[in-house]
Structures are given as C-alpha cells and as structure tokens.
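Chain residues, written in single-letter form:
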Amino acid sequence: MLLWTIAAALLTLLVLRKLWLRLLLSRAKHRSLAGHSRLSRRVARLIRYYDYDETQFFTADDAPAEVAAQRRAGFMQLAQLYTQRFAKGSALTREVARAASDLDFTQRYRVPFQFSRLVRQYLPSGTFLESSSGVTVTDVDGNTFLDVSGSYGVNLFGYDFYKECIERGAEKVRSLGPVLGAYHPLLADNVRRLREISGLDEVSFHMSGTEAVMQAVRLARYHTRRRYLVRFCGAYHGWWGDVQPGIGNPLSADATYTLKDMDATSLKVLRTRRDIACVLVNPVQAMHPNASAPADSGLIDSARSAHFDRAAYAAWLKELRAVCSARGIVLIFDEVFVGFRLAPGGAQEYFGVRADLVTYGKSLGGGLPVGVVCGRSALMKRYDEGRPADVCLARGTFNSHPYVMGAMHEFLTRLESEPIQALYRGLDAVWERRAAELNARLKAGRLPVQVATLSSIWTFNFLAPSRYNWMFQYYLKAQELSLSWVGTARLIFSLNYSDADFAAVADRVVAAAAAMERDGWWWQNPALTNKAIRRRVLRELLQAWWSTSSIGSTSSPRSKYSGARQ
C-alpha cells in the first residue's frame, strides 16, 4: 500500500510539473497572433478576399464628399504621372508578372488587399532597373532614383563598391573558373578573416542566409541532443519551416517555441526546460520587439511603432547569454541582415555580447549570394568521433563557389581599409543626426509622419489614425525615391550617403508628405481612432466570411463587397 501511495505521489508530481512548465510556456508567448503560430494559421485561413470599388476606395474612413473628391483628383493625377514616367517598366512588369511568381506576389502585397486591385490598375509599380551609380539607380524608362531600398540589406557601401568586388573577385579566380568540390586558395584567407571578425573558431560556407540559419540550428540540435529551438515573437530568420511557424508556412513547426522578446517570463522558460537546443536572435528586432517585420501591406491603421533603445537591448542580450550558458543552450545570432552594418564586428561587437554560433549573409558576399556559419569548434563538428556513423550531414553544390570566394575576399579586404573604417566612426551619431533633422522638418510642416532608426535602418511611423498611410510609398516614388516592395516599412541606406545626398532624400520625403497632406489622405476625424479602424476592418472581414461561407450567400443583403478575386 505504501509503494502505491509513493508511486501515486510521484506521478502526481510529474503531472503537476508538466502542467507548470506548460503554463510557463503559455505565459512566455506574446498575446498577439504572431506569438501563437497555430492560431495565426487558422485565422489566416478564415479571412476571405474582398475589395473596395472606386467609391469605397476613397471613403474607407467615412470621409466627406469634398475630401473624397480631393483624394480622387490627387490619385488620378498621380496615376497620370505614373503612366507617363514609368510606361516601359510598368508594361514589362505586367508582362512578366504573369509568369514570374515572385513578382506576382510582391505586386499583390504592396498595400492592404482591400485596396490592391485599384492600386495595381492605376499605379503599376515598374520593378525593372538598368543601371546603378553612387547612391542612385536608373530604371528602364530612364528615371534616376535615390536608392533607399538597400538591396534588402546587401548594399552597405554603395553599388560601385560591389561592382568592383565582383569584377576584381572574378579576376582573382578566373583561371580556376566554376570548378566545384575543390576549393580556391582564397578560401583560407576568408576563413582567417571571418574567425577574427566573429571571434569564433570555425567557419562553414553556404549559398544563402536561410541555409546558414538552417545549418546553425541543425548543429545545435545535433550536439545538444535536444529537439526544440526558441525564436522570439515577430523575428524573421529566413523562409524555412522551423523558423516560420505561423502564417506563410503550410505545416506546423512542432519543434519550435515562439516566446516574447525582452521578457522575464521567456528567461524563466529557458531556465526550467530541458528540451531546448538553441535560441535564435535577430538583432534587428531591437527596433520592434514582438512585432513582425513591418510591411505596408499591413498598414490598415497607424499602429506601427518602431523605437530603438540600444542600452535596453544590450542588457537583454546579456541576460539571455547568461541563461543560455547556465543551461547549456546554444545562443545563435542571426546576423544575415545586420552583420557588418552596425559595426565591423557586427551585432556581437555593437551590443557587447558573444554568441556560440553566428550566421552571416547578404553584404558579406561582395554582391554575390552567400551564407556563412561561424561557431565554436565543439559545435561546428559534423560528426561524433566516438560514433563514426553518427553524423550531421550538410553539403551544397555551390557552397564555396570560387567566384563567391573571390568577391568575398575583395569585400573582406576592403572592410579593413581606412576609407571603409572611416565610415564606421561616429556611425550612429551621423544617422541619428540625419533622422533628427528630417523629423524636425516634418514636425515643422505639421505632417503626421516621423522616422525611427537603428543606425542606417529606418522605418516610418505615422502619428495620426489613418486608413491610407500605405499611399505614402507612391508619393515617395513620384519624388524619385526607390523603395523595396515593403514600402515605407524599411528604408536601408548605404553608408556612402554624403550629407548632400541625404539632404536630397530629406527634401523629397518632405515634398512627398506635403503632397499626401494636400491631397487629403491624412484627413482627420475625431472619431477615427486606430481601435475604431481595426473594428471596422474586422466587421468587413466577418461580412466577407459570411457572404462566402456555406451558411451565408453571395447574394445576401449582408454582403456589400465583392467576393471574387481580381
């Protein structure tokens, strides 16, 4: 009887511990959909397509007739400018988008989907460029833009810099050519420099940042013999399944915990669980902890909020480092985006925290595709010396491609040069001053927009509730600023921007904002709050769902919007 009592007590304790750990995990998840991957996918499947007709398009916030007319006139004037100035590029985009799925996707998701059909009809965004020089790019219609897209973060030192890296790198390896499997001797020097930069022991080469992160996680799982990876809410680590557990991934990521960034409850989960192999950190999240990478397709209101506190984020990383060290959890810094942008030694140097594994990509390739993992020797081994059949296989046909090694070698050599090192001196002060000057001009003009910055990475925040902030990207393009397809969500400057170059950018931003204001897009109604906007959109979504569900009818009087995809 005593044995049964002891067994029952032990079982009860095990069950209670399991429930307690589950409760801790639940508390460490962010309350938003981004923190609950399964729920976010279910909600995404429930959302039905609908769009606005030409009347609703200009009155989505119940603007009066005179404001709607003001907007319509501004929109049509902008459409005429686009037709005249971007004719060739727009035609080529329409032609190719039918067959190029990447282009089709980005064209559809530049703005909130309710507005997308008419925007694509009247403001086609040509995406074809013919040349670059300095801080500018020129499109197929001959228009020259100041580039603030940054080529997704690749362009750190100016396009001419990368052209030279590619050309001179190709010269270095031309005699070998595209011979794969063996290595060009430049690889040895690249490894030496990367070890110095990362402060880590070993290096492996891959063909993209996504691949590098995949390998880092595989190595962590292999060496810890644990299953789970921890990522923080909103962070992007590439498009593979385990680091994209919510919307965008058709399958469940069953070995991923998505926890709150910069939160004590997340640290408590790390301290108490025994199944966590690694923690992934993307330092750009310091701008918007627990929020997904911003894009204008999500600008249904003005709730976007970006702010950077270097001291607070550095303190968080130090706490995280201490917990991971104590619990034998591998700390991985995903520096594919921020690597070399914040400091020559990347985020490790910038925040004063060392990781166990670091991934690099983008700019490191000198303009060519690349992914790199740097790590401690004990974690980089792909085999167990005592178990010869126990390996962690990772190969790739184009890993260490001679031309990539050549361009990388040129990049790393130039990184150490005085002209490049000079760009890093006082880097934050330069970009903070420029942001402050632009924000002062926008404030003086009573324009409801400001910029938030992480060094040379910028985001526009909008200060007054509005359904139409996404229109700002089209006014910026009319002022010949080249943005990426996510629009005003992320501006990425190359460090070779002079004060004169930036002054030209500031002039164009202010002019675009003034035109936005003049055309009535930022009309204000005291009853228009961000909460009221979200409630209205929710009602529309429910109405669209009802009209297309089995219990509703497309002819139902409740259905006001089109259910057909255009």
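For the structure itself, consult the block above.
Residues numbered from 1 in each chain as written. Predicted model: local features only at pLDDT ≥ 70, side-chain atom pairs only at ≥ 80, totals over all residues. Heavy atoms only, no water.

S.K.: Would you mind going over the overall build of the protein with me for this structure?
M.R.: Across its full length, the protein holds 20 helices and 16 strands. Computed over the C-alpha atoms, the radius of gyration of the protein is 26 Å, within 12% of the 24 Å expected from 2.2 N^0.38 for a compact globule of 566 residues. Taking the principal axes of the C-alpha coordinates as reference, the protein spans close to 75 × 75 × 45 Å. Residues classed as buried in the protein amount to 53% of the 566 residues present. Of the contacts made within the protein by residues no fewer than 6 positions apart, 76% connect residues no fewer than 24 positions apart. For the protein, the separation between the mean place of its 72 positive charges and that of its 51 negative charges on side chains is 9 Å. (Helix = DSSP H or I, 4+ residues; strand = E, 2+ residues; numbered from the N terminus. Rg over C-alpha atoms; globule rule 2.2 N^0.38 Å. Buried < 20%, exposed > 50% of the residue type's maximum accessible area, 1.4 Å probe, protein only. Contact = heavy atoms within 4.5 Å. Lys, Arg positive; Asp, Glu negative; His and termini not counted. Charge placed at Lys NZ, Arg CZ, Asp CG, Glu CD.)

S.K.: Sorry if this is basic, but what is going on with the sheet that holds strand S3 (residues 144-147) here?
M.R.: What links the strands of a sheet is backbone hydrogen bonding, and the strands pair in either a parallel or an antiparallel sense. Within the open sheet, the four strands sit side by side as S1-S2-S3-S15. Their pairing is mixed. Sheet topology places strand S1 (129-133) and strand S15 (481-482) at the edges, where each strand pairs with a single neighbour. Sheet topology note: the S3/S15 ladder contains two bridges and is parallel. Bridge pairing links leucine 146 to leucine 481 in S15. (Pairing = 2+ DSSP bridges.)

S.K.: Help me understand a nonpolar patch on the surface, please; the structure alone is not making it clear to me.
M.R.: Together, Tyr383, Val391 and Leu393 make up a nonpolar patch on the protein surface, roughly 320 Å² of accessible area in all. Assessed through its relative accessible area of 47%, valine 391 is described here as partly exposed. (Patch = residues over 30% accessible without salt bridge, like charges linked within 9 Å, V, L, I, M, F, W, Y side chains within 5 Å. Areas by Shrake-Rupley, 256 points an atom, 1.4 Å probe, with all protein chains shown as cover. Salt bridge = Lys/Arg side-chain N within 4 Å of Asp/Glu carboxyl O.)

S.K.: Before we go on, may I ask you to explain the packing of aromatic side chains in this structure?
M.R.: Here the distance between the centres and the angle between the planes together describe a pair of aromatic rings. Under the definition given, this model contains 45 aromatic pairs. With a centroid separation of 5.0 Å and 85° between ring planes, the pair formed by tyrosine 82 and phenylalanine 86 is classed as edge-to-face. The residues tyrosine 82 and phenylalanine 86 share a single accessibility class, namely buried. When the centroid spacing of 6.1 Å and the interplanar angle of 90° are considered together, the rings of tryptophan 431 and tryptophan 458 count as edge-to-face. Highlighted residues: tryptophan 431 in helix H17 (residues 427-444) and tryptophan 458 in strand S14 (residues 457-462), separated in sequence by 27 residues. (Phe/Tyr/Trp six-rings, centres within 6.5 Å; stacked < 30°, edge-to-face > 60°.)

S.K.: Sorry if this is basic, but what is going on with the environment of serine 151 here?
M.R.: Of note, serine 151 is situated in the loop between S3 and helix H8 (159-173). Residue serine 151 is classed as partly exposed on the basis of its relative accessible area, which comes to 29%. Residues serine 151 and lysine 362, spaced 211 residues apart in sequence, show a C-alpha to C-alpha distance of 9.0 Å. A polar side-chain atom of serine 151 sits 2.9 Å from a polar atom in the side chain of tyrosine 159. (Polar contact = N/O pair within 3.5 Å; in protein donor to acceptor, adjacent residues only side chain to side chain.)

S.K.: Would you take a moment to explain helix H7 (residues 113-122) for this structure?
M.R.: The α-helix winds at 3.6 residues per turn, so residues separated by three or four positions along the chain end up facing the same way. For H7, the full list of buried residues reads Gln114, Phe115, Ser116, Leu118 and Val119. Where the residues of H7 are buried, they touch helix H3 (54-58), helix H4 (65-85), helix H6 (101-108), helix H18 (472-478) and helix H20 (530-548).

S.K.: Please explain unusual backbone geometry as it appears in this structure.
M.R.: Most peptide bonds adopt trans geometry, and most residues besides glycine take a negative phi value. Its identity as a non-glycine residue notwithstanding, asparagine 290 has a phi of 70°, on the positive side. Looking at the element boundaries, asparagine 290 is found in the loop between strand S7 (276-281) and helix H12 (310-327). The exposure class of asparagine 290 is buried, given its relative accessible area of 13%. One non-glycine residue, phenylalanine 340, lies in the positive phi region at around 75°. Relative to the helices and strands, phenylalanine 340 resides in the loop between strand S8 (330-334) and helix H13 (346-351). Owing to a relative accessible area of 1%, phenylalanine 340 belongs among the buried residues under this scheme.

S.K.: Help me understand the sheet that holds strand S6 (residues 256-259) in this model?
M.R.: Reading across the sheet, the seven strands line up as S4-S10-S9-S8-S7-S5-S6 and stay open at both edges, with mixed pairing between neighbours. Every interior strand has two partners, whereas the edge strands, strand S4 (202-206) and S6, have only one. Adjacent strand axes in the sheet meet at a mean angle of 20°, parallel and antiparallel pairs treated alike. Bridging between S7 and S8 involves four bridges; their strand directions are parallel. Bridge pairing in S8 places valine 279 opposite leucine 331. Each of strand S5 (228-232), S7 and S8 touches H12; the most contacted strand, S7, lies at about 165° to it. (Axes fitted to C-alpha atoms, helices over the stretch in contact; angles between N-to-C directions.)

S.K.: Looking at this structure, I do not really get the nonpolar core. What am I missing?
M.R.: The tendency in soluble globular proteins is for nonpolar side chains to be buried side by side. Grouped together as the largest cluster of nonpolar side chains are 130 residues, with contacts concentrated most on Leu320 and Phe472. When residues in this core are grouped by element, the largest group, nine residues, is from helix H19 (residues 499-518). Sequence-distant contacts of phenylalanine 472, that is, excluding residues within four places in its chain, are made with Val449, Phe460, Phe462, Thr488, Val509, Ala512, Ala513, Met516 and Trp522. (Core = buried A, V, L, I, M, F, W, Y, C linked by side-chain atoms within 4.5 Å.)

S.K.: Where do I start with H19 in this structure?
M.R.: With 20 residues, H19 should cover 28 Å at 1.5 Å per step; its first-to-last C-alpha distance of 28 Å lies within 8% of that length. Where H19 is buried, its residues touch S3, H17, strand S13 (449-454), S14, H18 and S15. Looking at the residues trailing H19, positive phi occurs at glycine 520, about 85°. (Expected span 1.5 Å × (residues − 1).)

S.K.: Would you mind going over the packing of helix H9 (residues 186-198) against helix H15 (residues 402-415) with me for this structure?
M.R.: The description of two packed helices rests on the angle between their axes and on the distance between the axes. Between H9 and H15, the shortest axis-to-axis distance is 9 Å and the interhelical angle comes to 45°. Compared by their axis directions, H9 and H15 come out oblique. For the crossing formed where H9 meets H15, the hand is left-handed. Contacts between H9 and H15 pair Leu186, Leu187, Asp189, Asn190, Arg193, Leu194 and Ile197 from the former with Met405, Gly406, Met408, His409, Leu412, Thr413 and Leu415 from the latter. Residues that form the contact of H9 with H15 fall into these classes: eight nonpolar, four polar and two charged. (Parallel < 35°, antiparallel > 145°, perpendicular 65-115°, else oblique. Left-handed = near helix turned anticlockwise from the far one by under 90°. Nonpolar A, V, L, I, M, F, W, Y, C, P; charged D, E, K, R; others polar.)

S.K.: Any chance you could explain the packing of helix H5 (residues 87-97) against H6 here in plain terms?
M.R.: At a minimum axis distance of 8 Å, the contact between H5 and H6 shows a crossing angle of 120°. Residue-level inspection shows Thr93, Val96 and Ala97 of H5 in contact with H6, the latter providing Leu103, Asp104 and Gln107. Among the residues forming the contact of H5 with H6, the class breakdown is three nonpolar, two polar and one charged.

S.K.: It is not clear to me how the pattern of salt bridges should be interpreted in this structure. Could you clarify?
M.R.: Counted by the stated rule, this structure contains 32 salt bridges. The residue aspartate 61 makes a salt bridge to arginine 71 at a minimum N-O spacing of 2.8 Å. Note that aspartate 61 is positioned in the loop between H3 and H4 and arginine 71 in helix H4, a separation of ten residues in sequence. The class for aspartate 61 is buried, based on a relative accessible area of 4%. Residue class for arginine 71 comes out buried when judged on its relative accessible area of 0%. Aspartate 189 is the partner of arginine 193 in a salt bridge, and the nearest nitrogen-oxygen pair spans 2.8 Å. Here the residue arginine 193 and the residue aspartate 189 both occupy positions in helix H9, the gap between them amounting to four residues, near one helical turn.

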